[in-house]
Amino acid sequence: MNDSTEKKPGNDSRSLTGKLLLLAAAMFGFGYLLVPLYDVFCEITGFGGRTNTVAESSQENPDFSRSIRVEFVTTVNEYAPWEFSADRDSMEVTPGKMYYATFTARNLTDDKKVAQAVPSVAPVSASGHFKKIECFCFTNQEFRANEERAMPLQFIVDPELPEFVDTITLQYTFYDTVRVSANDES
Amino acid sequence: MTTAVAEAQDAHDEHHGPEKGFRRWLFTTNHKDIGTLYLIFSLIMFFIGGTMALVIRSELMQPGLQFVHPEFFNSMTTMHALIMVFGAVMPAFVGLANWMIPMMIGAPDMALPRMNNWSFWILPVAFGILLSTLFMEGGAPAGGWTMYPPLILQTGDAFPFLIFSVHLMGISSIMGAINIIVTILNMRAPDMWLLKMPIFVWTWLITAYLLIAVMPVLAGAVTMLLTDQFFGTSFFLAAGGGDPVMFQHIFWFFGHPEVYIMILPAFGVVSEIIPTFSRKPLFGHDSMVYAASCIAFLSFIVWAHHMFTVGMPLSGQLFFMFATMLIAVPTGVKVFNWVATMWRGSMTFETPMLFALAFVFLFTIGGFSGLMLAIAPADIQYHDTYFVVAHFHYVLVPGSIFAIMAAAYYWLPKWTGHMYNESLGKLHFWLSTIFVNVTFFPMHFLGLAGMPRRIPDYSTQFADFNLIASIGALGFGISQLVFVYVLLTAKKGATATDRVWEAPKGLEWTVPSPAPYHTFDTPPKARIAEEAFE
């Protein structure tokens, strides 16, 4: 250390500067690395209400000792020209049994529209135990002008659901995917 | 020895004086010139940001909409924060680092002088771009300085300009930080080993590493916003599979270390000033270094306490809550050391000391309200209320900004060669201290009573405290004009001695006042500084 300070800053400074620049570049990369890391983290913990968006299979294995209330909440994303609602606000379900629910959406415009519903489950501790077997949220939904359509949901609540959970809220946000589908084409 | 060095430097000065006129400032590679530029720039930004704060406070003086449109009000809160954080506080500390670090470690200049010039001159461009958004279609950014999507994506034409100005600020900070690290690690006086460095140098070394670690992450986050808006990516758009909450994680991964970037150099300044005016060496020099390093490390693992309300698993809330509270331990060490330094010291209360003492006291209040906010279940109630506003203004205004004021008064005689007007300095201090409390203390009560932040209008039960806060803000703003007057008349006072104060420690006091254009062309022995005063 003492030796380096005797010299005029030359090579030493250059290599340290290089290393620090590299560190800055690596941290820029790290910012982007947080994106897949966050995905994995959410996948594992159910953080952010993350729930399955591809079909899961599950055996029926009813546990009649408990009854869980499942509530449905529907939201339409800002200014999107849709009507979107659950046919029932909530239902009492037995864990391990298969249930069906329907949601209805209507395209309020005179054009063809494509929508995507994005689900989220609360509380976080329930999100891994709410298994959607079939869901309209697995794919884009195409609507003709002014079309109204009922869309199915088929689910099982896993009997492993933690004891303290007696209510699960399933929330859907309905997005207009003009932008997203435009990206798919390009 | 001191005079010999000084004479050698004077002789040197005649050959390599600064250029004349504006070319001197535009092309300068001299650390003192660049330090001055940074400090003047940050003072200008302080007044621009302050004016915006006064727009906010005038609107909030009474319930109902008085002066400005709600959209413009939101622009004001957003721009006030961006300008104060990136334009006033950070450049002020970089300016102090430029001026003082080479003189404190006995180096002739910064290690990378040309890059130094560049990192300053990027700033006026960045803030020129940012301020120009005030005149654009759709107005200046109004989504808050935290730039949360999807709201920030609704910014009008200003949006890409906001992103690019943040990029430029980031580039400037990173270059400045690299320069500071290389200077400190490679250019110290021969027998100044690391743990002998002055605390201000130490805290800046740690701060510079924080800057390099997190400014690129911010650059990444805003780049993702930019590509989400214009290039069809969906990092934060739920419809495309992204998650807006992820932005908050990435932003606060930058944002929390950022708050320590703004306070660690302040700790350094205060640790220089308190020993001088207590006439005792700093108590626990090495523990100060370890405490600052601890704080820097912890700052990377507490970010989610800014977002307890997003809905986190219990284990996550507990982790971030306890990790956050842990920060109180090294911070407590620091406060303890400052008090212990003063203990049985022979204290005098010149302006820099007054600001430093107010810093210790008022920063600690901000620290305590921070602890209250760290309690996850309580934070659900405090989140996005004026309590948060009160908290971070207490750590930033009587925290960072008072430390900058203290530093300015402390080193001003070294910079100008003249003593500033002490009575006006004291007047500035007392007005600032009284009004800063009048402004921000009532905000605690407003927040606890439930007044949300970032709103131009409020229910009538909040009227009284808001009026008091607005009066305080106006008073604080006007008292800063006293500071400007002190600066403008800084060269009219008595000639300062080389040591300026009675018994300051450090190499910067071994060079003449005003500090010659070039100092320490030959490295000094660090021991000299101590020998000279003992």
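A quick note: this is a predicted structure, and the numbers were derived from the prediction, not measured. (Residues numbered from 1 in each chain as written. Chains lettered and ligands numbered in written order. Predicted model: local features only at pLDDT ≥ 70, side-chain atom pairs only at ≥ 80, totals over all residues. Heavy atoms only, no water.)

Colleague: Give me the lowdown on the environment of Met79(B), citing residues and values where you can.
Modeller: Residue and element names in this part refer to chain B. Tracing the backbone shows methionine 79 in helix α4 (residues 70-105). A relative accessible area of 0% places methionine 79 in the buried class. Each C-alpha atom, one on methionine 79 and one on isoleucine 48, is 9.7 Å from the other, the two residues being 31 residues apart in sequence. Discounting residues that sit within four places of it in the chain, methionine 79 has contacts with Met52, Leu130, Leu131, Thr133, Leu134, Ala140 and Pro141. (Helix = DSSP H or I, 4+ residues; strand = E, 2+ residues; numbered from the N terminus. Buried < 20%, exposed > 50% of the residue type's maximum accessible area, 1.4 Å probe, protein only. Contact = heavy atoms within 4.5 Å.)

Colleague: Pulling in residues and values, what's your account of the environment of Thr183(B)?
Modeller: Residue and element names in this part refer to chain B. Within the secondary structure layout, threonine 183 lies in helix α6 (residues 158-186). On the basis of relative accessibility, which here comes to 0%, the residue threonine 183 falls in the buried class. Put simply, threonine 183 and leucine 211 are 28 residues apart on the chain and 16 Å apart in space, counted from C-alpha to C-alpha. Among the polar contacts listed, one links the side chain of threonine 183 to the backbone nitrogen of alanine 111, at a separation of 3.0 Å. (Polar contact = N/O pair within 3.5 Å; in protein donor to acceptor, adjacent residues only side chain to side chain.)

Colleague: I'd like a rundown of α4(B), residues and numbers included.
Modeller: Residues and elements named next belong to chain B. Along its 36 residues, α4 runs 50 Å from first to last C-alpha, staying within 8% of the 52 Å computed at 1.5 Å per residue. Methionine 84 marks where α4 bends most, by close to 35 degrees. Most of α4 sits out of view: 32 of its 36 residues are buried. Just past α4, the residue glycine 106 takes up positive phi, approximately 75 degrees. (Expected span 1.5 Å × (residues − 1). Bend = angle between axes of the 7 residues up to and from the residue.)

Colleague: Can you lay out the interface of chain B and chain A for me, pointing to particular residues and giving the numbers?
Modeller: Put simply, an interface is often sized by how much accessible area is lost when its parts join up. Tallying the contact residues gives 41 residues for chain B and 33 residues for chain A. Across the chain B-chain A interface, the total number found is 0 salt bridges. Seen at the junction of chain B and chain A, the total is 2 residue pairs in polar contact (both at pLDDT 80 or more). Counting residues per element, the ones that place at least two in the side of chain B that touches chain A are α6, α7 (199-230) and α8 (244-278) of chain B. Looking at the side of chain B that touches chain A element by element, the count peaks at 10 residues for α7(B). Its residues placed into classes, the side of chain B that touches chain A shows 28 nonpolar, 9 polar and 4 charged. (Salt bridge = Lys/Arg side-chain N within 4 Å of Asp/Glu carboxyl O. Nonpolar A, V, L, I, M, F, W, Y, C, P; charged D, E, K, R; others polar.)

Colleague: How would you sum up the nonpolar core? Please name residues and give values.
Modeller: Residue and element names in this part refer to chain B. Core analysis: the largest hydrophobic core is formed by 195 residues, its most contacted members being Phe86, Phe127, Met147, Trp204, Trp338, Phe359 and Trp411. Of all the elements, α4 adds the most residues to this core, at 23 residues. Discounting residues that sit within four places of it in the chain, phenylalanine 86 has contacts with Pro91, Phe127, Trp145, Met169, Met215, Leu218, Phe254 and Glu258. (Core = buried A, V, L, I, M, F, W, Y, C linked by side-chain atoms within 4.5 Å.)

Colleague: Can you explain the packing of α6(B) against α7(B)? Please cite residues and give values.
Modeller: All names here are of chain B. Orientation of α6 relative to α7, taken along the N-to-C sense of each, is 155 degrees, at an axis distance of 8 Å. With respect to α7, the axis of α6 lies roughly antiparallel. With respect to the hand of their crossing, α6 and α7 are arranged in left-handed fashion. (Axes fitted to C-alpha atoms, helices over the stretch in contact; angles between N-to-C directions. Parallel < 35°, antiparallel > 145°, perpendicular 65-115°, else oblique. Left-handed = near helix turned anticlockwise from the far one by under 90°.)

Colleague: I'd like a description of helix α15 (residues 422-448) of chain B, backed by residues and values.
Modeller: For an α-helix, 3.6 residues make a turn, and residues three or four places apart therefore share a direction. Residues and elements named next belong to chain B. Between its first and last C-alpha atoms α15 spans 39 Å; for 27 residues at 1.5 Å apiece the expected length is 39 Å, and the two agree. Maximum bend of α15: about 25 degrees, positioned at valine 438, with proline proline 442 one to four residues after it. Between the side-chain oxygen of the N-cap and the backbone nitrogen of serine 423 there are 3.1 Å, and the N-cap of α15 in question is asparagine 421. Two residues or fewer past α15, glycine 450 is found with a positive phi of approximately 105 degrees.

Honestly, that's just the spatial picture; any functional story needs more than this.
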